[in-house]
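Close look at the chain arrangement
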Amino acid sequence: MLDEQFKKHFFIRFSLLIFAILILLIGGSLYLLYRPHNLKMFYWLRAIKLEKFFYQHNFNSTSKLISFCVYSLPNGLWLLSAIVFFGLIWKKEKVIFFFYSFSFLLVSLLFECLQLTQIISGTFDFNDIFILVISFLFGVIIYNLIIERNIRWKKWMKNFGGI
């Protein structure tokens, strides 16, 4: 019985790890393939001579959905990925999980606000704010429904499972 439970919990944690890595890679791929390579963040690509391997694709910028996916979604995916990682790392430390998750959200929102005031380069967009908040909430829901629930179940099994 406990062996089956261990396999189930391991599978859940492993699935969440794969999910976090996958959404991190999707967000990065959207940037690498569809954003202009003259952005400062792509300096490292030129420095290690890898830019030629990432052909920049053009897209119809009049489509609001495609623009959203290219310009706003990557930040949300990165934030969500970080929050899922935090949940896996600090699965038993709810306060630490919320501290780092909320800190990441605040830093992301700060960068967006600094774009509005033109302190840093970039374009302020309410879609970015929206996707960041939604990603944060989704990450917290994942933590509460899957990770935290998994821990409570293990504690219950340890205390009462043998009865």
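Before reading further, recall that the structure is shown in the block above.
Our subject in this report is the structure included herewith. (Residues numbered from 1 in each chain as written. Predicted model: local features only at pLDDT ≥ 70, side-chain atom pairs only at ≥ 80, totals over all residues. Heavy atoms only, no water.)

This next bit is on the packing of helix α3 (residues 64-71) against helix α4 (residues 73-89). The N-to-C vectors of α3 and α4 enclose an angle of 45°; their axes lie 4 Å apart at closest approach. Our classification of the angle between α3 and α4 gives oblique. Residues F68, C69, V70 and Y71 of α3 touch α4, and the partners they reach there are L73, P74 and N75. Residue composition of the contact of α3 with α4, grouped by class: six nonpolar, one polar and no charged. (Axes fitted to C-alpha atoms, helices over the stretch in contact; angles between N-to-C directions. Helix = DSSP H or I, 4+ residues; strand = E, 2+ residues; numbered from the N terminus. Parallel < 35°, antiparallel > 145°, perpendicular 65-115°, else oblique. Contact = heavy atoms within 4.5 Å. Nonpolar A, V, L, I, M, F, W, Y, C, P; charged D, E, K, R; others polar.)

Turning our attention to a nonpolar patch on the surface. A surface patch of nonpolar side chains, about 660 Å² in accessible area, is lined by F6, F10, F14, L17, I18, I21 and L25. Locating I18 in the fold gives a position in helix α1 (residues 2-34). Assessed through its relative accessible area of 42%, I18 is described here as partly exposed. (Patch = residues over 30% accessible without salt bridge, like charges linked within 9 Å, V, L, I, M, F, W, Y side chains within 5 Å. Areas by Shrake-Rupley, 256 points an atom, 1.4 Å probe, with all protein chains shown as cover. Salt bridge = Lys/Arg side-chain N within 4 Å of Asp/Glu carboxyl O. Buried < 20%, exposed > 50% of the residue type's maximum accessible area, 1.4 Å probe, protein only.)

A separate point is the nonpolar core. The biggest cluster of nonpolar side chains holds 21 residues, and the ones touching the most others in it are L16, L79, V84, L105 and F136. At the level of elements, α1, α4, α5 (94-116) and α6 (126-160) are the ones that each hand at least two residues to this core. At eight residues, α4 tops the list of elements feeding residues into this core. In contact with F136, not counting residues within four places along its chain, are L79, I83, S101, F102 and L105. (Core = buried A, V, L, I, M, F, W, Y, C linked by side-chain atoms within 4.5 Å.)

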